[in-house]
Amino acid sequence: MSGGDDVLGKALDRTLLRRIFVYVWPYKLWLALAVVLLPIASVFEIAQPYLLKRAIDDHIARGRLAGLDRLGLLYLLALVGQYGASFGQAYLTQLVGQRAMNDLRLRLHRHVLALASSFFDRTPIGRLMTRITSDVEALNEMFASGLVSLLGDVIRLGAILVAIFGIDWKLALFSMGSAPVLFAIAAIFRRLVRDAFREIRTKMARLNAFLQEHISGMKVVQAFAQEERVEAQFDQINRDYRRANARAIGADSALYSIIEAVASIAIAGLLWHGGARIAGGTLTFGVLVAFIEYLTKFFGPIRDLSAKYTIMQQAMAAAERVFGLLDTAEPDAPPRAAAPTPVGVGVAVGGSVDVADPSTARAPLLALDRVSFGYRPGRPVLEEVSLPIHTGETIAVVGATGSGKSTLIKLLPRLYEPWSGAIRLAGIDVRDLDPSALRRRIVVVSQDVFLFAGTLGDNITLGDPRLSREEILAAARRVGADRVIARRPEGLDAPVVERGANFSAGERQLIAFARALCRDPEILILDEATASVDPETERLIERGTEELMRGRTSIVIAHRLSTIRRATRILALHRGRVAEEGSHEELLARDGIYARLYRLQMMGGAETTAGPAPPGAAAG
Amino acid sequence: MARTALFIVGCALVQALIRTWSRVLIFNAGRNIEYRLRHDLFSHLTRLDAGFYRRHPTGDLMSRLTNDLSAVRMLFGPGLLNIVNTFLVYASTVWLLLHLSPHLTLFALIPYPVLILSGRIFTRAMYRASRDLQDQIGQMSTAVQEDLAGIAVIKQYALEPQRHAAFAEQSQRYLQRSLKLVRARGSLTPLFALIGGVGTLIVLWIGGREVIQGRLSVGGLVAFNAYLVYLSWPTVALGWILSMWQRGVAGWVRVRELLETVPEIGDAGVAGVRASGIAHGEVDADANADADGKTGRTAIEPSIDVRGLSIVRDGRAILDQVSFSLAAGDTLAIVGRTGSGKTTLVDSIPRLTEVPARTIFVGGHDVTTLPLRTLRGLVGYAPQEAFLFSATIAENIAFGAARPDLDRATIERAAQAAGLGRDIAAFPDGYDTVVGERGITLSGGQRQRVALARALCADPHILILDDSLSSVDAETEGDILARLRPILAGRTSILVSHRVAAVKDASQILVMDAGRVAERGTHGQLLAAGGVYAALYHEQLAAEKAARAAAEVAATETAA
């Protein structure tokens, strides 16, 4: 719940309305029909009291039965007409609103998926979820009970005025005496009610967040016997929420009652004044009946005005946030020439891909050329890193925490853009390659394995329909994930719950191996997990790593001795620069950064008891 | 005349006052009920055990605490108001109508049975439509949540088109279900109003004839019609009340279900704790006094005795006859593969999981007879899956302390001991950096170290580290363990780990396998026994030896 989520905007903002209208435009015919139905419904509604008046004055009061049947039928027709038209109008409005919002939601989803990794680094998931779900829903409320029904109310109020002034303008003037009072009251309360509802929203968000968090973390609360403290905190939040509601209840009840009172007084005045005129013979019964009905119809919309105003404000505030997100121009892997424009997913870019430059024939498979990069301006994480990698090589990257190893591997499939320098795949700058094609050739297996809710099989294939069951099982067997499958009675169809919580860290790692193997990339990038797992899983992972890298150009952030031993070359990073490069033996012989890191990492805390500490260990 | 006018205005004002007052009273009563129920529900939730939370996902509990409660509140607030209102309006109007013309009243009420019947049908349809829509909202949100949480995988495997298509499908289904609800809800009011309008038509038709025949005055007909108009709103409201009633009752059933769940873990003597095996005599006067005071905890010696502890869950033995004895100040280490029962074993000591009576003794007291606050006040616990609250780092660490107003120096000491010092210095606001959903995201290793600092802050007599440094690399783990050494002195501690380096100094090591203690002894004894532990040790030692050999070679080469 960021602070910005509770701000209410203007009820009508022309720029925002214009942007919303872009989404409504494809459904303009339906919307036009809905708008046309508005006055039709009003005319049918306004006709009813008039028909009643005619029936009383022209027939009933005069004892003329002839023609009463016809009026009755007309009245029925007016009823059916009114409700038919208003149902049609409401349905069409909602249809337009829902479809437009569906389009907006899809556009938003596509836009968000195409945003750069750096955007996701600094934006909480909860906020993005609110944009795509609740905010679009708030905007939809504008269609459900905001804009068009507001227009309908205005038309209805206008039609009532026309009708009553047409029937008897003097009586109309008299009845409308209460209208300014009503509008004034509604205006005063509008602000009160709005403020109260805004506070309720804030307090409710806090209450829900607190509950959600403390239910998830109940074990921690209980383990530290903090129930009382947490209950006291919750009581305060619960009380605040009740107090915010009490405020809204007070304002809302007063508004409702005052409008009812004004309505009663107005109708009493009408009866009193009208009664006197009927007695004087200057007014008929029918007119009085019609006026009472018109006046009753007049009060409803005024009472709802403040609620509708709040809905419009909330919708405008939501629209502002939604369009703000749509305006975020931070595309993931944009084409080089037109960097600031967002790229649609899967757009193929750059003709240079097909043009084989003869000079690149002997270029290394993958090359970093003086690459510098950082997440925040002025704070480089990598500086002037150069590294050619030839087909079939295995490069082990080592370095202390914060040396830039994880950043280095994120740059290769172009999840981030280097500040300067270039990354080339077979001599072609990766910025000239279609990003999805690039990521098909370079696959990163990270430490934190994300599993989608669904089945185990789906998590391995990631929806690739070309993979047969046998192929999936074969891939799983190669990396040792078949054990994971065999452990579940449903096999490949075993359910995976949200975030893969029903699989252990080691199992998730093996599933990620099978997933990468199914993709069969040209270049594999592996971030070995530092987490300790039980010895059996550890052996499976070690074997899986070996299988995965077999016959493949690979780059590994290595933590295991076996992995480092298998590397053709080792790259030691230190503070974002390549400090040392060479084979295991060469680097150990140099006794520099690698040798020190190696001793520290491979031996864990062993040096504290295992006799004299090896040279350099203390320096860590 | 002027006096009559004043009287009418006066009446209207008094009516407004009374109406405001009654609405405020009734609506606030509903809110008070909601507040009270939510308060009780949350207090109850803090007493429910881990088994309960295994059976009830957070989403389900949240929906009971929000949607269901709100349905109950609606039933007592606006629902009650409308039920009373509708009844009063109906009764008084029908009485007036009968008074004016009993004959006409019968005709005027003809549409109402149809109305009530169709109301029931439509309410049910509306209920189903809104339930389906709620369901779909949940599914769509889950889909978005997954897309955002898994964005790295989506980008790597270029799954954008596929995920977008899946989302479009969810969104389309949401659209259809919304429109279904719009149709159901949108036709209810016109239908009711239409049927009500037919009443007016009948009055006009039949009443008109009666006036002409001289059986009713024109004024009477006008009044009759005016009263009938009064009935239209409560009639429309009737459908709404029916659906509110349905939802309120359903919500109340679900709320009550939660309130009536009996905690399986509780203080001795509290209803719901298994009566068997509770020996009240076992709690001495000191321990009893601890229930309210925190100072008394020193009275219990932090020694732990586990005697034949077996825990069966879903027909599977999680722990099978586990026994060990740990003297105050000693360290117990537990190793074993995933699923061997290590976490259940350490959870059972502060009774975070249900244990049979007379199986676990702390300071000689059966833990099922000790007040939970006393028992848990003794223990500092750092779990593997570290949970952080959306609060500052300092608040998260201080959460473990008995006193809420822990001074910054103590927090910083705990953070330093947990090896967090350098990490925190790099955060934008240091100790005041907000973490979690509202703030920055910490790595798994950082979360674990915050949880460790939290356990240290509790200044516990018994410290339990359940594989709580698994996401920290070996180097940092060794560093932290070295810093913990002086802190552990004088405390009883239990250490779960996969790394031999972390456990080998323990005064006793247990190797767990399938819920049983497979091996036990000191590091030396277990190595001599040559079992699972020895194998693990040799495996991990291989790396160390290779490293040292290489380093020596390197050293000699450099020397030469």
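Residues numbered from 1 in each chain as written. Chains lettered and ligands numbered in written order. Predicted model: local features only at pLDDT ≥ 70, side-chain atom pairs only at ≥ 80, totals over all residues.

Colleague: Just checking my understanding: could you explain the overall build of chain B for this structure?
Modeller: Secondary structure summary: chain B contains 19 helices and 10 strands in total. Within chain B, the proportion of its 560 residues that are buried is 44%. Contacts in chain B between residues far apart in sequence, at least 24 positions, make up 75% of those at least 6 positions apart. (Helix = DSSP H or I, 4+ residues; strand = E, 2+ residues; numbered from the N terminus. Buried ≥ 20, exposed ≤ 12 C-beta atoms within 10 Å, placed from the backbone. Contact = placed C-beta atoms within 7 Å.)

Colleague: What am I meant to see in the overall build of chain A here?
Modeller: Looking only at helices and strands, chain A features 20 helices and 12 strands. The proportion of buried residues among the 620 residues of chain A is 45%. Long-range contacts, defined as pairs at least 24 residues apart, comprise 77% of the intrachain contacts of chain A with a sequence gap of at least 6.

Colleague: Help me out: how do you make sense of the sheet that holds strand β5 (residues 428-429) of chain A in this one?
Modeller: In sheet architecture, strand pairing relies on hydrogen bonds along the backbone and comes in two forms, parallel and antiparallel. Residues and elements named next belong to chain A. On the basis of which strands lie adjacent, the open sheet formed by 4 strands has the order β2-β1-β4-β5 and antiparallel pairing. The sheet is open, and its two edges are formed by β2 (382-389) and β5, each paired on a single side. Taken together, the 2 bridges between strand β4 (residues 420-425) and β5 define a ladder with antiparallel strand orientation. Note that in β5 the partner of Arg424 across the bridge is Asp429. (Pairing = 2+ DSSP bridges.)

Colleague: Any chance you could explain the packing of helix α16 (residues 505-519) of chain A against helix α17 (residues 535-549) of chain A here in plain terms?
Modeller: How two helices sit against one another is set out by the angle between their axes and by the gap between those axes. Residue and element names in this part refer to chain A. Between α16 and α17, the shortest axis-to-axis distance is 10 Å and the interhelical angle comes to 15°. Comparing the axis directions of α16 and α17 gives the class roughly parallel. Relative to α17, α16 is oriented so that their crossing is left-handed. Between α16, through Gly506, Gln509, Leu510, Phe513, Ala516 and Leu517, and α17, the contact on the second element is made entirely by Thr537, Leu540, Ile541, Gly544 and Leu548. Looking at the contact of α16 with α17 residue by residue, the class counts come to 7 nonpolar, 4 polar and no charged. (Axes fitted to C-alpha atoms, helices over the stretch in contact; angles between N-to-C directions. Parallel < 35°, antiparallel > 145°, perpendicular 65-115°, else oblique. Left-handed = near helix turned anticlockwise from the far one by under 90°. Nonpolar A, V, L, I, M, F, W, Y, C, P; charged D, E, K, R; others polar.)

Colleague: In this structure, what is going on with the interface of chain B and chain A? I would like to understand it.
Modeller: Interface size is often expressed as the accessible area that is lost when the parts come together. In this complex, chain B contributes 124 residues to the contact, which on the side of chain A involves 129 residues. Counting residues per element, the side of chain B that touches chain A draws most heavily on helix α7 (residues 160-212) of chain B, which supplies 27 residues. By residue class, the composition of the side of chain B that touches chain A is 68 nonpolar, 32 polar and 24 charged.

Colleague: I'm lost on helix α5 (residues 111-149) of chain B in this one. Help?
Modeller: Every α-helix carries 3.6 residues per turn, so stepping three or four residues along brings you back to the same face. Taking 1.5 Å of rise per residue, the 39 residues of α5(B) would be expected to cover 57 Å, and the 56 Å separating its terminal C-alpha atoms lies within 8% of that figure. The set of residues buried in α5(B) consists of B:Pro111, B:Leu115, B:Gly119, B:Phe122, B:Thr123, B:Met126, B:Ala143, B:Val144, B:Glu146, B:Asp147 and B:Leu148. (Expected span 1.5 Å × (residues − 1).)

Colleague: When you look at the sheet that holds strand β3 (residues 394-399) of chain A in this model, what are you seeing that I'm missing?
Modeller: Residues and elements named next belong to chain A. Pairing is mixed in the open sheet, where 6 strands are placed in the order β6-β9-β10-β3-β11-β12. Each having just a single partner strand, β6 (442-445) and β12 (577-582) make up the two edges of the open sheet. Across the sheet, the mean angle from the axis of one strand to that of its neighbour is 20°, orientation sign disregarded. The strands touched by α16 within the sheet are β6 and β9 (523-527), with β6 carrying the most contacts at an inclination of about 175°.

Colleague: Can you walk me through the pairing of β3(A) in this structure?
Modeller: Strand residues, when the strand is regular, have side chains that alternate between the two faces of the sheet. Residues and elements named next belong to chain A. With respect to burial, β3 is a largely interior element, 6 of its 6 residues being buried. Residues Thr394, Ala396 and Val398 point to one face of β3 and Ile395, Val397 and Gly399 to the other, with burial holding for every one of them. Where β3 meets strand β10 (residues 553-557), 4 bridges bridge the pair, whose relative direction is parallel. Within β10, the residue paired with Thr394 across the bridge is Ser554.

Colleague: Any chance you could explain the environment of B:Gln170 here in plain terms?
Modeller: Residues and elements named next belong to chain B. Relative to the helices and strands, Gln170 is located in helix α7. Assessed through the 19 C-beta atoms surrounding it within 10 Å, Gln170 is described here as partly exposed. The spacing of Gln170 and Arg520 is 350 residues in sequence and 55 Å in space, taken between C-alpha atoms. The contacts of Gln170, once residues within four sequence positions are left out, are Gln139, Met140 and Ala143.

Colleague: Looking at this structure, I do not really get the nonpolar core. What am I missing?
Modeller: What tends to happen in soluble globular proteins is that the nonpolar side chains get buried as a cluster. Membership of the largest hydrophobic core comes to 170 residues, with the highest contact counts inside it found for A:Phe291, B:Ile397 and B:Ala453. Here the element with the most residues in this core is helix α9 (residues 227-280) of chain A; it accounts for 17 residues. A:Val385, A:Val444, A:Phe513 and A:Leu587 belong to the second largest nonpolar core, which has 74 residues in total. (Core = buried A, V, L, I, M, F, W, Y, C linked by C-beta atoms within 7 Å.)

Colleague: Would you take a moment to explain the pairing of β12(A) for this structure?
Modeller: Where strand β11 (residues 569-574) of chain A and β12(A) come together, 5 bridges link them in antiparallel fashion. If you follow A:Leu573 over to β12(A), its bridge partner there is A:Val578.

Colleague: So what exactly am I meant to see when it comes to the confidence of the model for chain B here?
Modeller: The predicted coordinates should not be examined in detail at positions where pLDDT is low. All names here are of chain B. Within chain B, residue pLDDT values average 83, and 89% of them lie at 70 or more. The secondary-structure element of chain B with the lowest mean pLDDT is helix α9 (residues 285-289), recorded at 41, while strand β4 (residues 360-362) shows the highest, at 95. Two numbers describe this predicted complex: its pTM, 0.76, and its ipTM, 0.81. (pLDDT = per-residue confidence, 0-100.)

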